[in-house]
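For reference, the chains in residue letters:
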Amino acid sequence: MIIKTSNLTKRYDTQAAVNNLNLEIRAGEIFGLLGPNGAGKTTTILMLLGLTEPSEGSATIAGYNPTTEPLEVKRIVGYLPDSVGFYEDLTGRENLRYTARLNNLPPAKGEQRIDYLLQRVGLTKVQDQPVGTYSRGMRQRLGIADALVKDPTIVILDEPTLGIDPEGTREVLAVIRQLAQQDGRTVLLSSHLLHQMQEICDRVGIFVRGKLLACGAIDTLGDQVLAHEPQQIEIRAQPVDRRQVELIAAIAGVETVERDQDGLIVTASRDVRAELSKTLIEANYSLVHLRQRGRELDDIYRRYFARQEVS
Amino acid sequence: MLPKQRILTEAKSKLKSVRHKLTDLAEQNTGLLVLCRKELADHLNSKRFVIIVILVALTGLASIYAAANGIRAATQDQKTDFVFLYLFTAGGKSVPPFISFIALLGPLVSLALSFDAICGERSRRTLSKLLAQPIYRDAVINGKFLAVVIVSALMLVSLGALVGGLGLLLTGIPPSAEELVRILAFLFLTTVYMALWSALAIFFSVCFRQAATSALAGMAVWLFFSVFAQLLVGLVADAIFPLTDQAAAQIVFRNQQLRQFLGWLSPTTLYSEAVIAILNPSIRILGPVMMEQIEGAIAGPLPLGQSLLLIWPHFTGLIAGALLCFAGSYVLFMRQEIRAD
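Residues numbered from 1 in each chain as written. Chains lettered and ligands numbered in written order. Predicted model: local features only at pLDDT ≥ 70, side-chain atom pairs only at ≥ 80, totals over all residues. Heavy atoms only, no water.

1. Here we look at the overall build of chain A
The condition is simple: For the purposes of this entry, the term helix denotes a DSSP run of H or I that reaches at least four residues, the term strand denotes a run of E that reaches at least two, and both are numbered from the N terminus. Note on classification: 1.4 Å probe, protein chains only; a residue is buried when its accessible area is under 20% of the maximum for its type, exposed when over 50%, partly exposed between these limits. By definition in these notes, contact holds between two residues if any of their heavy atoms fall within 4.5 Å. Note on areas: Shrake-Rupley, 1.4 Å probe, and residue coverage restricted to the protein chains presented here. Asp and Glu count as negative and Lys and Arg as positive, but His and the ends of the chain are not part of the count. For charged residues, the charge sits on one atom: NZ in Lys, CZ in Arg, CG in Asp, CD in Glu.
Assigned secondary structure in chain A consists of 11 helices and 13 strands. For chain A, the C-alpha atoms occupy an extent of roughly 80 × 45 × 35 Å along the three principal directions. Looking at the 311 residues of chain A, the share that counts as buried comes to 52%. Taking as baseline every contact in chain A between residues at least 6 positions apart, the subset at least 24 positions apart corresponds to 68%. By element, 47% of the accessible surface of chain A is carried by carbon and sulfur atoms, the whole surface being about 14100 Å². Positive and negative side-chain charges of chain A, numbering 37 and 41 respectively, have mean locations separated by a distance of 1 Å.

Take a look at the structure:
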């Protein structure tokens, strides 16, 4: 575990922005903090970097405590803040050079590294233009290069794709994927955009109101979050008749069977899909459609985040 | 081994260890040095700095020109050995002397250079990126402060040289060694005074999120000390020790004492008193003087060492003020949350 938090809590006045967070991130994986705005993602990241102090609990990054040993942590962690800023009058290259100097890189080595990074994020052509002339996507990519100047083992990216166009997003995501797969760095990124996270993350933590709702590989998240709720299964098998309904109702665990347009909706206390299809096929029904409702990340996301947004 | 050789090798190893210590020190302060260097470059390239230099140079030249024109009459009246210093302390008919200009504009320059030290980084959204680098937080404050001090010192020394050179051309009187030292002491004192204001401006820039608020707060303090503080001091002193026509000598004396004491709380008063004492060797004592004290005293200029001794408390006072502002900035900044928005 390269990053570990135990009961990490941050309170502002009485409200908890982050509430008893226990998180474990393995070395070399891409971990996504997924949650709506104001869920406490940025606060968590700030605590991991020692930019704010936790009210309770603690975090360890590669064995260091960010509150008491901030310099050691900052030596190995590259950070791209949420909507990053640059010195607008300086060129992209000069901005990176400043970061290199702050990291105590020898000038020659620093220039080499900057060349390499600029090429990697595709900014070599505009490196000598002032950052004031850069587009949002270019800034974001420069920000990633800036986070990589110190050759970090851990990269923390806060909303790296916020406010950039689809093409820019694709480029940024490609760079992020490379960070873990090619360089073997650990990447922690936060976002409220589900599909991007689904695309690149190994594991995701869903964050709502300062609490970690679920954490794990994307395909296991649905079960984790909705494990205690009855499942709904859409089923369409021909021909639709009374015997079919009776057959389904006879399966253990099935609670209700309702008619819905040209199919049935089955509510069950457990996953009965396998038995359903077997029973129906053996009884010579032709199965046209079988879908579990509300178990995809989309559904979870809509469900929890919509509720959050309203309140 | 010959003794000569041994001494040589010992000296070499000593030198080596000193060099090691120096490189260690530089390494520990990487953040500070890099930051200071960048800030320095930023200041010297900024339009703000150009405007400030033009403003200060123009007013300085105007006052020096007036002083040089009136210098003949002034020296005839007062009979002083320190003619060159007169260039700095004497004003023309309608133009105040050089030192008054500096006393007024110096703080303004410091405020202008450092009012957005921290909140500027905040509003540019570069602060969290900066503090995610392996540098101590106080290096940010120190580096910025150091850069402003270097810029002000540079500006003051060039201004002093300009004024001195011009005075030389206009009057044809070369300065004596003592005058030169006194002028250097004046420039140093002014640098310290400006450093105090820059520490204050940095404190406000940590306090407030908006650069405009920080600038306004700095200006308010500046206005208070350069205009209202003296009025207030007089008001308080007169209320406690009223000066009526029949007031006893003791009351008058107490009133003066209280005025002076309260005045010392203001950095502006400290600075102006110190400058007058250092550039005016004939000033022997600051504040109310009793008849007994001057009885038997020989009228004549004070030697340099004595003048310096006279302003030593003022100097310490200014440094203490700067340290106070620094302490405030540290306490606020060290535990502040660094958020991008």
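2. Notes on the overall build of chain B
Of regular secondary structure, chain B possesses 14 helices and 0 strands. Along its sequence from the N terminus, chain B presents helices and strands in the succession α-α-α-α-α-α-α-α-α-α-α-α-α-α. Taken over the C-alpha atoms alone, chain B extends approximately 65 × 65 × 40 Å along its principal axes. Counting all 341 residues of chain B, 43% fall into the buried class. The long-range fraction of contacts in chain B, counting pairs at least 24 apart against all pairs at least 6 apart in sequence, stands at 79%.

3. Observations regarding the packing of helix α5 (residues 98-114) of chain B against helix α9 (residues 177-207) of chain B
Residues and elements named next belong to chain B. Note the cut-off: To obtain each axis, a line is fitted to C-alpha atoms, and for helices this fit is confined to the stretch in contact; angles are then taken between N-to-C directions over 0 to 180 degrees. A clockwise turn of the near helix away from the far one marks a right-handed crossing, whereas an anticlockwise turn of less than a right angle marks a left-handed crossing. Throughout, the ten residues Ala, Val, Leu, Ile, Met, Phe, Trp, Tyr, Cys and Pro are labelled nonpolar, Asp, Glu, Lys and Arg are labelled charged, and all others, Gly among them, are labelled polar.
For the pair α5 and α9, interaxial distance at closest approach is 8 Å and the crossing angle is 35°. Relative to α9, the crossing made by α5 is right-handed. Mapping the contact onto sequence places F98, I99, I102, A103, G106, P107, V109, S110, L111 and S114 in α5 and F186, T190, Y193, M194, W197, S198, A201, I202 and S205 in α9. Across the contact of α5 with α9, the residue classes break down as 13 nonpolar, 6 polar and no charged.

4. Points about the nonpolar core
Heads up, the condition is: To qualify as a nonpolar core, a set must consist of buried Ala, Val, Leu, Ile, Met, Phe, Trp, Tyr and Cys residues joined through side-chain atoms within 4.5 Å.
The biggest cluster of nonpolar side chains holds 105 residues, and the ones touching the most others in it are A:I156, B:F88, B:F186 and B:F333. Ranked by residue count, the leading element in this core is α9(B), at 16 residues. Among all residues touching B:F186, those that are not within four sequence positions of it are B:F88, B:F98, B:I99, B:Y271, B:V275, B:I278 and B:L279. Counting 45 residues, the second largest nonpolar core, distinct from the first, contains A:L123, A:V131, A:V204 and A:I206.

5. Points about the side chain of B:N255
If you trace the backbone, B:N255 turns up in helix α11 (residues 249-263). For B:N255, a relative accessible area of 0% puts it in the buried group.

6. Side note on the packing of aromatic side chains
Inclusion rule: Pairing of aromatic rings covers Phe, Tyr and Trp, the last through its six-membered ring, and needs centres within 6.5 Å; plane angles under 30 degrees mean stacked, over 60 mean edge-to-face, and all others mean tilted. Note on geometry: a ring has a charge over it if NZ (lysine) or CZ (arginine) is within 6 Å of the ring centre and within 35 degrees of the ring normal.
Taken as a whole and assessed by the stated rule, the structure comprises 13 aromatic pairs over all chains. Where B:F204 meets B:F208, the ring centres are 5.9 Å apart and the plane angle is 25°; that geometry is what we call stacked. Overall, the relative accessible area of 28% leaves B:F208 in the partly exposed class. Among the aromatic residues, those joined into a cluster by ring pairs are B:Y193, B:W197, B:F224, B:F225 and B:Y271. Geometry around A:Y87 places B:K38 over its ring, the cationic atom sitting 3.7 Å from the centre. Cation over ring: B:R137 sits above B:F333, and NZ or CZ is 6.0 Å from the ring centre.

7. Concerning the sheet that holds strand β12 (residues 263-268) of chain A
All names here are of chain A. As a reminder, the rule being used: Any two strands are treated as partners once DSSP identifies two or more bridges connecting them.
Read from one edge to the other, the open sheet built from 4 strands follows the order β11-β12-β10-β13, with strand pairing classed as antiparallel. With one partner strand each, in any of the chains shown, β11 (254-260) and β13 (286-293) form the two edges of the open sheet. Along the sheet, successive strands turn relative to each other by an average axial angle of 20°, direction set aside. Pairing of strand β10 (residues 231-238) with β13, which is carried by 7 bridges, proceeds in the antiparallel orientation. If you follow Q232 over to β13, its bridge partner there is R293. Contacting β10, β11 and β12, helix α9 (residues 242-249) runs over the sheet at an angle of about 155° to β11. Across the face of the sheet, helix α10 (residues 273-282) comes into contact with β10 and β13 while running at roughly 165° to β13.

8. Points about the sheet that holds strand β5 (residues 77-80) of chain A
All names here are of chain A. Reading across from one edge, β5-β6-β7-β3-β8-β9 is the order of the 6 strands in this open sheet, with mixed pairing throughout. Each of the sheet's edge strands pairs with one partner strand only, and the pair in question is β5 and β9 (211-216). Each strand of the sheet is rotated relative to its neighbour by a mean of 15°, with strand direction disregarded. Across 5 bridges, strand β3 (residues 30-34) lies against strand β7 (residues 186-191) in parallel orientation. Pairing of I30 across the sheet is with V187, part of β7. Set on the sheet, helix α5 (residues 136-148) makes contact with β5 and β6 (154-158); between it and β5 the angle comes to about 165°. Of the strands in this sheet, β3, β6 and β7 touch helix α6 (residues 166-181), which is tilted by about 150° from β7.

9. Some words on the interface of chain A and chain B
Rules: Two parts placed together each lose some accessible area under a 1.4 Å probe, and the buried area is that loss summed for both. Only one rule defines a salt bridge in this text: a Lys or Arg side-chain nitrogen within 4 Å of an Asp or Glu carboxyl oxygen.
Each side of the interface is counted separately: chain A has 31 residues, and chain B has 27 residues. Interface area, chain A with chain B, both sides summed: about 2700 Å², of which 56% is carbon and sulfur. The largest per-residue losses of area from chain A upon contact with chain B belong to A:L51, A:Y87 and A:L102, which jointly make up 25% of the total buried on that side. Counting across the chain A and chain B interface gives 2 salt bridges. With a closest N to O distance of 2.5 Å, A:E53 and B:R335 form a salt bridge.

10. Looking at the pattern of salt bridges
Residues and elements named next belong to chain A. In total, this model carries 26 salt bridges over all chains according to the counting rule given. The partner of E24 in a salt bridge is K4, and the shortest N-O contact between them spans 3.6 Å. Of this pair, E24 sits in strand β2 (residues 15-25) while K4 sits in strand β1 (residues 3-12), and the two are 20 residues apart along the sequence.

11. Things to note about the side chain of A:R139
Residue and element names in this part refer to chain A. How we decide: By the criterion applied in these results, polar contacts are pairs of N or O atoms within 3.5 Å in which, for protein atoms, one can donate a hydrogen and the other can accept it, and in which residues neighboring in sequence qualify only through two side-chain atoms.
When you line up the elements, R139 lands in helix α5. Taking relative accessible area as the criterion, R139 reaches 16% and is therefore assigned buried. At 3.3 Å, the side chain of R139 forms a polar contact with the backbone oxygen of V131. The residues touching R139, leaving out its near neighbours within four places in the chain, are V84, F86, E88, V131, G132 and Y134.

12. Digging into the confidence of the model for chain B
Where we set the bar: Confidence of the predictor in every single residue is expressed as pLDDT, which spans 0 to 100.
Summarising the model, chain B shows a mean pLDDT of 87, and 97% of its residues fall at 70 or more. Reported confidence for the predicted complex is 0.84 by ipTM and 0.85 by pTM.

13. What about helix α2 (residues 30-45) of chain B?
What counts is decided by this rule: A helix's residues, less one, multiplied by 1.5 Å, set its expected span.
Helix length check: α2(B) (16 residues) gives 23 Å between terminal C-alpha atoms against 22 Å at 1.5 Å per residue, within 8%. Where α2(B) is concerned, the buried positions are B:T30, B:G31, B:L32, B:V34, B:L35, B:C36, B:K38, B:E39, B:L40 and B:H43.

14. A look at the pairing of β10(A)
As paired elements, β10(A) and β12(A) share 5 bridges and run antiparallel to each other. What sits directly across from A:Q232, in β12(A), is A:T267.

15. Quick word on the environment of B:V18
All names here are of chain B. Tracing the sequence through the fold places V18 in helix α1 (residues 3-28). Judged by relative accessible area, which is 46%, V18 ranks as partly exposed. Sequence separation between V18 and L40 is 22 residues; the distance between their C-alpha atoms is 28 Å.

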